[in-house]
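Structural characterization, general
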Amino acid sequence: MSREEINRELTQRVGSWTSGQEMAESLGISRAAVWKQIQSLRAEGYKIEASKKGYRLVSLPDILSEDLIKSGLKTKFVGRTVISRPSLASTNAEAKKIAPSEDNGTVVLAEVQTIGRGRMKRSWLSPKGGVWMSVILKPRIPPALAFRVNIAATVAVARALEGLYGLDVGIKWPNDLVVREKKVCGILTEIGAEMDSLNYAVVGIGINANLDPDSFPEDWKATSISRELGRDVLRVKLVQRVLEEVERACGVMASSFDQVIGEWSARSATIGQRVRIITMSSEFEGLAESLEADGALLVRRDDGTGERVLAGDCVHLRPAKKKVEEGI
Ligand code: BT5
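Residues numbered from 1 in each chain as written. Predicted model: local features only at pLDDT ≥ 70, side-chain atom pairs only at ≥ 80, totals over all residues. Heavy atoms only, no water.

1. Topic: the sheet that holds strand β2 (residues 47-51)
For clarity, the threshold we go by: When DSSP locates at least two bridges between a pair of strands, those strands are taken to pair. Numbered from the N terminus, helices here are DSSP runs of H or I no shorter than four residues, and strands are runs of E no shorter than two. Contact definition: two residues touch when any of their heavy atoms are within 4.5 Å. With axes taken as lines fitted to C-alpha atoms, and helix axes fitted only over the stretch in contact, angles between N-to-C directions fall between 0 and 180 degrees.
Pairing within the open sheet is antiparallel, and its 3 strands lie in the order β1-β3-β2. Each end of this open sheet is capped by a strand with a single partner; those strands are β1 (17-18) and β2. Pairing of β2 with strand β3 (residues 54-59) involves 5 bridges; the strand directions are antiparallel. Note on β3: the bridge partner recorded for I48 is L57. Sheet strands touched by helix α3 (residues 31-43): β2 and β3. Its angle to β2, the strand with the most contacts, is close to 145 degrees.

Here it is as structure tokens:
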């Protein structure tokens, strides 16, 4: 018998009473032992009321423990194994290390990251209060379709933030989630592949949940969920919803992907914008037109030629060129 079992009994019935006697019987321990475990859960931040009717869980602590995440998680494989640590250098680095031997859907989380990674060797600030996690996925797709994992994950997190909090989420190409044009989430997908097979994808998701974006440099244009809502959120629910949406979005990865591309495009803060594109080899301006089926951003240069951009950075310059022309 463990604290985890008591925890599970209570969390399945948040808000309703469970008698101490019943719990003791179903777990095969004494009522005194139940009481002892309840005390230890309280010490961790669980609010548990006690009365003649038994125990009642009033609220969960805002910690990302493996138990809390798995309790009530409605997924088939994503999050079946959860590894949660107080601190890691980078959840992506850790996930990549273990990915070859882990099952499809394993999740690695950390309360803080000391060397959080962004794309192209940039750093990602990961203080306490955020959600810093990596999902190991092993879809049966060729490496050439690996970009789909990234797009699916971006749409999944957007759905979660909209569904849970009603936020108006935009996607800034390639995979920033923005609210009021400020970055609330960044995604970093890394893969392990051979010429013709994708061994794994590690999807790193960084969400500024309960933290003060004023502590970041102003030119980052960052925000957080708590800043947007004016209140903190229960991160464990956020993690669960994101994992559920990731599983859903990834379910269509090997088949028709049009719907996900459509959802990406509908939320796009980039399409229709005049942008500056910066890639490893070039830099140019144009009008972002669409996201192509192969994940490329189609950008129309001023001379009318179309450029398909598969990787790089994008700066939003001003809304569509049409408006500029109207002003002339
Ligand atoms: C990203 O990179 O947006 C991908 C971030 C992925 C982070 C997750 S957290 C879990 C997993 N483990 C990791 O080690 N990483 C992943 P990029 O588009 O390159 O954006 C990086 C830039 O965003 C930085 O250069 C800063 O300007 C800015 N930035 C850094 N930390 C930020 C934060 N917490 N919120 C908003 N902007 C941030």
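On we go from here.
2. Regarding the domain arrangement of the chain
Note the threshold: Domain boundaries shown here were taken from an automatic or database domain assignment.
Its domain assignment divides the chain into domain 1 (3-59), domain 2 (66-267) and domain 3 (274-325). Put simply, the middle of domain 1 and the middle of domain 3, counted by C-alpha atoms, are 57 Å apart.

3. Description of the nonpolar core
Quick reminder of the rule: To qualify as a nonpolar core, a set must consist of buried Ala, Val, Leu, Ile, Met, Phe, Trp, Tyr and Cys residues joined through side-chain atoms within 4.5 Å. In this scheme, a residue with accessible area under 20% of its type's maximum is buried, one over 50% is exposed, and one in between is partly exposed, where area comes from a 1.4 Å probe on protein chains only.
L161 and I225 are the most contacted members of the largest nonpolar core, which has 77 residues in total. If you tally residues by element for this core, the top one is helix α6 (residues 147-165), at 11 residues. Once residues lying within four places of it in the same chain are set aside, the contact partners of I225 are L161, Y165, L167, V184, I207, N208, A209, R231, V233 and L238.

4. Overview of the pairing of strand β8 (residues 176-179)
Burial of β8 is two-sided: the residues D176 and V178 facing one way and the residues L177 and V179 facing the other way are all buried. Following strand β7 (residues 169-172), the chain reverses through 3 residues before pairing antiparallel with β8. Sheet topology note: the β8/strand β9 (residues 182-193) ladder contains 4 bridges and is antiparallel. From the neighbouring strand, D176 faces β9, where its bridge partner is G186. In textbook terms, the turn of a hairpin is the stretch between consecutive antiparallel strands, and for β8 and β9 this stretch comprises 2 residues, one of which, R180, has a positive phi near 50 degrees.

5. Brief notes about the sheet that holds strand β6 (residues 131-137)
With respect to topology, 7 strands assemble into an open sheet ordered β4-β5-β6-β10-β9-β8-β7, the strand pairing being mixed. Two strands in the sheet have a free side with no partner beyond their single neighbour: β4 (82-88) and β7. Recorded for the sheet is a direction-independent mean angle of 20 degrees between the axes of neighbouring strands. Of the strand pairs in this sheet, strand β5 (residues 107-113) and β6 are connected by 4 bridges, and their pairing is antiparallel. When the bridges of β6 are listed, A110 appears paired with W132. The strands touched by helix α8 (residues 235-250) are β5, β6 and β10 (198-207); relative to β6, the strand with the most contacts, the crossing angle is about 30 degrees.

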